Every structure is written in structure tokens, then in C-alpha cells.
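# Structural overview for review
Single-letter residue listing:
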Amino acid sequence: MQLENLENVIGERGSDSSQLIGILQDIQSEYNYLPLAAIMQLSETLKVPFSRLYSIATFFKAFSLEPRGKHIITVCMGTACHVRKSPRIVDEISRSLGVKGGETTPDRLFTLETVNCLGTCALGPVAVIDGKYYGNLTVRKVGALLKKYEKE
Amino acid sequence: MTMRIESIQDLEKLQKTILARTDPEKARIRICAGTGCRACGAEEVIDAFNKEVVAQGLDADVEIKATGCHGFCERGALVVLYPEGILYQMVKPEDVQEILKKTIVDKELIERLLYVDPVTGERIAYEKDIPFYKRQRRTILGMNPSIDPEDIDDYIALGGYLAAAKALAEMTPEEVIAEVKESGLRGRGGGGFPTGLKWETCRNSPGDARYVICNADEGDPGAYMDRSLLEGNPHSVLEGMIIGAYAIGANEGYIYVRNEYPLAVENAKKAIEQATKYGFLGRDIFSSGFELDVKIARGGGAFICGESSALMTSLEGKPGRPRAKYIHTVERGLYDRPTNLNNVETWANVPLIINKGAASYRQTGTEGSKGTKIFSLVGKINNTGLVEAPMGMPLREIVYGIGGGVPSGKKLKAVQTGGPSGGCLPESMIDLPVDFDQLTKVGAMMGSGGMIIMDENTCMVDVARYFLNFLKDESCGKCLPCREGIKRMLEILNRICEGKGEEGDVELLKEIGHTVQETSLCALGGSAPNPLLTTLKYFGEEYVAHVRDKKCPAGICKDLIIYTIREEQCNGCGACAKVCPNHAISGEKKKPHRIEPAKCIKCGICSETCRQQAIAAA
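Small disclaimer: the values here were computed from a predicted structure and weren't measured.

What chain A contains, in helices and strands, is 7 helices and 4 strands. Each helix and strand of chain A, ordered N terminal to C terminal, gives the series α-α-α-α-β-α-α-β-β-β-α. In terms of its C-alpha atoms, chain A occupies a principal-axis envelope of roughly 50 × 30 × 25 Å. The 152 residues of chain A split such that 45% are buried. Taking contacts inside chain A between residues at least 6 apart in sequence as the whole, the part at least 24 apart equals 60%.

So this is what it looks like as C-alpha cells:
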């Protein structure tokens, strides 16, 4: 795998160490995950040891070394959402899709992820699907919501 | 081409030019475009306004602006009409045409869009009369509704960057530090360390370069004030950093932002570009010879990176693990050089102190805590949102006065402050004045300002379990007490919640908790047992119910509850049976239904669906 526009992704940031996480994130948004080949290529381009990039990619939760689904569902597990029963929402999504948090459905349609807090506590429980926020969720709303994305 | 601002006079002239462009009598529509309101469709509302003013031929008479977060997130999308100050809440794109026709042209109020006080049932037209706003002291947040975060001129119109100009052109670094010390400002990120003292130590530490960092890695679940500040008023944070960097002698700065806050990243980036154009960043700022560059670094979703030494390690391009701080980061931090890190809200307080003077700043607050504090008032509360209160305001005033109390007539059970490092305060402490010292005294802490309200349907054992589960994932694994201790405490709590609690569990939890507190390397581990220990202290009877009686009084722990239909309340509509994913509910039409316990997966969907409220967990 060759990342054609790696130079563009890196931009002016170069090998400034404070920007490494950001660069990896931009690569991830390009592919939906972090392919090992891309990390290797980045390591060669920036002259940063592969082991260092790999340690960042595995330490921080934002990165996935596995391919993720077409639709990424991120359910907020912040305290405000928790007291408004977000665990029940995750359970229901998990039950309907047959995957646990962090997993992708076999048809690669959905990846279910949880996040510590999205900072939209007023709308709890909240889930974000492909960047769109869905607030005041109930277990009952889950089915229709998933159906909507299945069709897309 | 924007002109470069070289002096206070230049800046004042610019402010006058900007103010002259706006007519105070002109109708101004301000739409909150914070993340909360965006999630409620604010962007569509803004589009609708922009189209509709043209359609109605009002574009010359009305000024429309998408602004930073107003704070009343529960009621988004928020639209405020000036000069009157009328607040319309939960506005949808369909309402826009009517707002322009009725309110802007005919000067009539639209009743259905007004806020209804949940306590009195009264409709309130003006923002300033709504208790949620009226009872706050919005010295920091108050600017947000007047500012388009993407336009630096809006901030300058309100006197922005005058504090930086004054500090750099008229004060010595020592004088700036003295002023901040005198103000009594303490770090808003959690610990409450005196800011001026931190700056002074950093300035006096030897090194060939120094750094300033803005910590916007707001990781505490349930807290989002830093996000709203950086999103809504990024220049106030930048201005604070410029003043701080000058005082400390730092020429490089970083804003470390969570990746979960894309809008904050974007707005901060634009703010840096615009400030650089005016010459507030870069070389020879305000002709003082001082230079500063600020970069944005994005985090990677690790809670531990809110800890200063971990954050700095991560900035160095390494996994964010903390180190023991017998040498403080102000002496040796980023790249082993003196580094001063403050939180977003702390930086935003700095211009205020320089503008008004320490003496004026000190007038708000308590003996040990000066100024205001922004809380994110969330959970089981009527008026969810961001609340700015003077330090020392009693908890009761925040929860009931500003927050409007607990919804659906439920009873308040606890207030959780300080995130995973904080504690749960029982209802009996409702008159506690909220400041750094008072909260620490009762076993909680201020933290970054998350304030999560819990009602009778919140299980406190589950809350303790929730935080430990959170911390188990977030412990970096470097030191044993934190890595293993959290896991063991969680295992016991999991057992208790599954109905397998044993005699002696509570004592063992206390013992492990105290050990982890005393022996962990950094503050994450040191404070990790706080939620557990405070719930044990104040809600011991709930632990007894779980361990001895195998009951969850709040009806939360799945293994300890059974869903049943109250026959006398069931009208046999069959809605529950239709939604049950496991076909566990049966019954004849118009006759009471029943749930088959063996089939029930306790998802709760039936109880959500039942209009008669006949289904309960016990």
C-alpha cells in the first residue's frame, strides 16, 4: 500500500514531534484506520523510527490498526450520559449488530465504538454516527436509527 | 490586507473603527453555534436565517451572526434577538420565517418559542430574566453570545487584546506576575494551584528556552466548559497565553486539544492565523520586542494526557505516560525545559485580571478561591448547561436556583464533582459553599468543573463501578498500585453488582482504595479511589443492599432487578409486547400483560414504551 499524497497529509508539519499524533490522525481519516504500511511509509519519510510511531498508534485510543466499518457509531460513555442510561443504549446496539464495543460487523458496515465523553452532556445519552450527533437517545430509538444507516 | 497593530493607541483606534461599523439600534440576531446547539440543528437554522432575510428583503436591516456557546445547551438551538434581548429556544428551521415576520418586523413575541420556567410554569421573554442566566455571574462566558469565534474583530470590539497590549507595552514581566499573584487566581484544571506562583517559578527556573501550554485535553467525563470556551471565544484564551508567555519569558506555546473536539481545533487554528495577521502573535508584539508562536497539537484520546507531565511527553511525540514529579514541570517540562501549563479557563481569566486589576478581581469569591468558576451542570437536572458562578456559591443555589432542580419530581440523591478524581456528595451537603477548599475538605474536589446531578434512580455502587471501569482503561500502566489496584477494586465491584458480593468486600475495597491513594505515581492513581471512597462513606447503605440483600434500590444493576408489569396499571395496549426484542411479553388485548422472567434480557425498552408507566424494575 502506498499513500499517494502522504506529503500533502504531512504538509508543513514535517517531523515536528508535537504534530505526530495529528499526522497519524489525518492518515487514519484518509483510510478509516491506520494501515501498518502507511505507518512504515511515514517512518521512512519523516525519519522517525517505526517503533516510535507504532507505540503512539497503540497507546492512544483514537487509533485503530484494524479496518473499520463504513459507518462508525460512537456512543458517549461520559458520566452525564451514564446516569441517563447510556449503557443500555450500547447494550442494545451491541445486541442488534452482534458486535461488542471496538468491533466491526463481519459485513464491514458498522463499527461500534465508545468514547469517554463527547462534551455534549446536555443531550445525553448521545451517539455520533459518521460525524452526526444523535441526542436524547432511548433504547427504543436504536432500531430505527440503525436501519436508516443500513440502507445508506 | 489587515494592518499590523503596533501599540495600545493603534488597538483603540481599531476598536473604534469596528464599533463604528455597527449600529446599536439595528436588529441583531445571534444564533448559538456551539457543538450542543449544532447537534440540535443550529447550522440548518443559521442557513434558514441567511436565506430568509434575503427572501424577505431584510438583509440590509438585520445582522445575523453565528456565535460561540451561550451555555443553555438543554434548550438548543438558541436564538437571541437584540437590541431587545429576546430569547427563543429550541428553534427549528421552520420557525425562522415566522421569527423574521412577526418579531423582527411586527415586534410581536412568538409564545411557543419562549422559555417556560419548569418551577413556576411562567413564560419568560427576555434572556436576562431567565433564572438560569439571571443567577449566574458570567464574566468569562458572557462574551460568547456576542462573538463570532471566526472573527477576531468581534473580540476586539469588546476590548479584546487591550490587556495584552497593556501588559506588553506598559508592564514589566515581574509586574504582570505580581498582579496575577495578587489576584489570587488558582488553576481551573483541577488541582487549584496558585497561577502567579507557578508563573514565577517557571520564570526563575534556568533554561535556554521556556514554553507555555494551554491544556485543552478536557478529559473529565461530564465536563465541557473548556471546549465551549476554546470554541466560542478562542481569542480570550490566546490573549491569556500571550500575557503569560511574556511574564514567563516563553517564545513558544502549544494548545493541546482533544481530538474529540474538532470545532475547537478549527476555531483555535483560525484564531491563531487572525491574531498573527494583526501582529498579536509572531515578532515584536506591540513593539515590545517580545515574540511568541503558538501551535496546535491534537491529542489522541488518552485521559492521562490531561496530566501535565504526560501531556508534555505526548507533545514530544511519545506515548503519553506521566513521570514522578519530584522535579516539577515548571522547572523541567517539555524537552526538559521550564514549561508552564495552564488550563483553558485559567488562561481566559488572565486578561480580566490585567484589564480590571487584581484588587477588582479579588472582590469575587471566597477567602481562598477568587473569581468565578464555570461548571457543566449535567445529568438529572432541568436546566442542563454551562453555568458560571462566583466561587463560594452554595450548591443549593447552583442546583435549584440556576439548574431548576431535578426533573420529573424525582428526589436529588447526589452531586458528583471533579470527574473520576472527585467524589459524590450526598443531598445533605446541599448548603456547602462551592470552592476549592470546601470541596477538598469533604473528600471531593473541584476538578475542572464537571457537576453531575444524580437522582433516586442513580445507583451509587454502579457510579463507583463506572468510574473505576473508566480509570482501568485510562491507567497508563506504569506504576503497580494504579494498574493493579484499580483492576482489583473493579473486580470486586463487578461481583457486587452481579449479586455475588460477599461479607468483607466493603472492608477490602476500603483497604485497597487507601493503598492506591497513598502509593500511586501520579495524581490519576492518587485520586482514582475518590469516587469509590466517597460513595462508601456517604452511601454505605446502598452497598449493604447490594452485598447482603442482593438488591439494587435504584433499579439499575441488571442482575439484581426484575422487570414486572403492574396489573392494575396495565391497560393491555400491547405496545410493550410489540417492541420487546426477545418476545418476552405476552397477554390478551385489553387485558393485563405479563413478562416472562426467563426470557427477559432487561433492556428496559418496555418500560420506556409504556405510557401507563405500568412497568417497573425492582
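Summing up its helical and strand segments, chain B has 25 helices and 19 strands in all. Here chain B has a C-alpha radius of gyration of 26 Å; the compact-globule value for 618 residues is 25 Å, and the two agree. Based on the C-alpha atoms only, the size of chain B along its principal axes is roughly 80 × 65 × 40 Å. Looking at chain B residue by residue over its 618 residues, the buried ones come to 55%. If you take every contact in chain B between residues at least 6 apart in sequence, the share linking residues at least 24 apart comes to 71%.

Before going further, it helps to examine the interface of chain B and chain A. Across the boundary between the two partners, chain B contributes 49 residues, which contact 38 residues of chain A. For the side of chain B that touches chain A, the elements supplying multiple residues, two or more each, are α2 (35–39), β9 (293–298), α13 (308–315), β11 (372–379), β15 (450–455), α18 (460–474) and α25 (605–609) of chain B. Grouping the amino acids of the side of chain B that touches chain A by side-chain chemistry returns 20 nonpolar, 20 polar and 9 charged.

All names here are of chain B. Between helix α7 (residues 162–170) and helix α14 (residues 344–356), the least distance of the axes is 8 Å, while the angle of their chain directions is 65°. Viewed along their axes, α7 and α14 form a crossing whose handedness is left-handed. Across from Leu-162, Ala-163, Ala-164, Lys-166 and Ala-167 in α7, the residues of α14 making contact are Pro-351, Ile-354 and Asn-355. Taken together, the residues of the contact of α7 with α14 sort by class into 6 nonpolar, 1 polar and 1 charged.

Taken domain by domain, chain A consists of domain 1 (6–59) and domain 2 (71–151). The C-alpha centroid of domain 2 of chain A is placed 28 Å from the C-alpha centroid of domain 1 of chain A.

Owing to its 3.6 residues per turn, the α-helix aligns residues three or four sequence positions apart on the same side. Regarding helix α4 (residues 50–59) of chain A, the residues found buried are A:Leu53, A:Ile56, A:Ala57 and A:Phe59. Along its buried surface, α4(A) packs onto α2 (20–31) and α3 (36–46) of chain A.

Moving on to the sheet that holds β11(B). Residues and elements named next belong to chain B. If you walk across this open sheet you meet the 5 strands as β12-β11-β15-β13-β14, and the pairing is mixed. In this open sheet, the two strands that pair with only one neighbour each are β12 (385–390) and β14 (423–426). In this sheet, neighbouring strand axes are inclined to one another by 30° on average, regardless of whether the strands run parallel or antiparallel. Where β11 lies against β12, 6 bridges are found, and the strand directions are antiparallel.

Counting 237 residues, the largest nonpolar core has B:Ile31, B:Val79 and B:Ile398 as its most contacted members. Residues in contact with B:Ile31, not counting those within four places in the same chain, are B:Ala42, B:Val45, B:Ile46, B:Phe49, B:Ala66, B:Thr67, B:Ala77 and B:Val79.

Looking now at the sheet that holds β9(B). All names here are of chain B. An order of β9-β8-β7-β10 is seen for the 4 strands of this open sheet, with the pairing classed as parallel. Strand pairing shows two members of the sheet lacking a second neighbour, β9 and β10 (339–343), which therefore form its edges. In this sheet, adjacent strand axes meet at a mean angle of 20° when their direction is disregarded. The pairing of strand β8 (residues 252–257) with β9 spans 6 bridges and is parallel. Its bridge partner lying in β9, Ile-255 is registered against Ile-296.

All names here are of chain A. Of all 6 residues in strand β2 (residues 110–115), 6 are buried, a share of seventy percent or more. Because side chains alternate across β2, one face comprises the buried residues Phe-110, Leu-112 and Thr-114, and the other comprises Thr-111, Glu-113 and Val-115, equally buried. Relative to β2, strand β1 (residues 71–76) runs parallel, the two sharing 6 bridges. Looking across to β2, one finds that Ile-73 is bridged to Leu-112.

Residue and element names in this part refer to chain B. By the secondary structure assignment, Val-330 is in the loop between α13 and β10. Taking the C-alpha atoms as reference, Val-330 lies 32 Å from Gly-68; in sequence the two are 262 residues apart. The residues contacting Val-330, other than those within four sequence positions of it, are Lys-198, Thr-201, Cys-202, Ser-205, Pro-338, Thr-339 and Asn-340.

On to helix α6 (residues 86–97) of chain A, then. All names here are of chain A. When the terminal C-alpha atoms of α6 are compared, their 17 Å separation across 12 residues agrees well with the 16 Å that a helix rising 1.5 Å per residue should span. Taken together, the buried residues of α6 touch β1, α5 (79–83), β2, β3 (127–129) and α7 (139–151). Within two residues after α6, Gly-98 carries a phi angle of roughly 75°, on the positive side.

Residue and element names in this part refer to chain B. In this structure, Ala-77 follows Gly-76 across a cis peptide bond, with omega equal to -5°. The backbone phi angle of Lys-550 is positive, close to 55°, even though this residue is not glycine. Take Lys-550: it is sitting in the loop between α23 (540–547) and β16 (563–565). On the basis of neighbour counts, which here come to 15 C-beta atoms within 10 Å, the residue Lys-550 falls in the partly exposed class. Even without being a glycine, Lys-590 presents a positive backbone phi close to 60°. Positionally, Lys-590 belongs in the loop between β17 (585–586) and β18 (594–595).

So, on to the environment of B:Ile285. By the element assignment, B:Ile285 lies in the loop between α12 (262–278) and β9. Those residues in contact with B:Ile285, other than ones at most four positions away along the chain, are B:Leu168, B:Ile242, B:Gly279, B:Phe280, B:Phe290, B:Glu291 and B:Leu292.

Turning our attention to the packing of helix α8 (residues 173–183) of chain B against α14(B). All names here are of chain B. One can describe the packing of α8 onto α14 by two numbers: an axis separation of 10 Å at closest approach and a directional angle of 100°. One finds that α8 runs roughly perpendicular with respect to α14. The segment α8 lies against α14, with Glu-179, Val-180 and Ser-183 engaging Val-350, Ile-353 and Ile-354. When the residues that make up the contact of α8 with α14 are grouped by side-chain class, the tally is 4 nonpolar, 1 polar and 1 charged.

Below, the discussion takes up the confidence of the model for chain B. Residue and element names in this part refer to chain B. Scored by pLDDT, chain B comes out at a mean of 93, with 100% of its residues at no less than 70. When mean pLDDT is compared element by element in chain B, helix α11 (residues 234–248) scores highest at 98, while strand β19 (residues 615–617) scores lowest at 87. This complex was scored by the predictor with a pTM of 0.92 and an ipTM of 0.90.

This brings us to the pairing of β8(B). Within a regular strand, side chains alternate between the sheet's two faces. All names here are of chain B. With respect to burial, β8 is a largely interior element, 5 of its 6 residues being buried. Relative to β8, strand β7 (residues 211–216) runs parallel, the two being bridged by 6 bridges. The partner of Cys-214 across the bridge, within β8, is Ile-255. Assessed by its sense of winding, the connection that carries the chain from β8 through α12 to β9 is right-handed.

What counts as what
- Residues numbered from 1 in each chain as written.
- Chains lettered and ligands numbered in written order.
- Predicted model: local features only at pLDDT ≥ 70, side-chain atom pairs only at ≥ 80, totals over all residues.
- Helix = DSSP H or I, 4+ residues; strand = E, 2+ residues; numbered from the N terminus.
- Buried ≥ 20, exposed ≤ 12 C-beta atoms within 10 Å, placed from the backbone.
- Contact = placed C-beta atoms within 7 Å.
- Rg over C-alpha atoms; globule rule 2.2 N^0.38 Å.
- Nonpolar A, V, L, I, M, F, W, Y, C, P; charged D, E, K, R; others polar.
- Axes fitted to C-alpha atoms, helices over the stretch in contact; angles between N-to-C directions.
- Left-handed = near helix turned anticlockwise from the far one by under 90°.
- Domains from an automatic or database assignment.
- Pairing = 2+ DSSP bridges.
- Core = buried A, V, L, I, M, F, W, Y, C linked by C-beta atoms within 7 Å.
- Expected span 1.5 Å × (residues − 1).
- Parallel < 35°, antiparallel > 145°, perpendicular 65-115°, else oblique.
- pLDDT = per-residue confidence, 0-100.
- Right-handed = clockwise from strand over helix to strand, strands pointing away.

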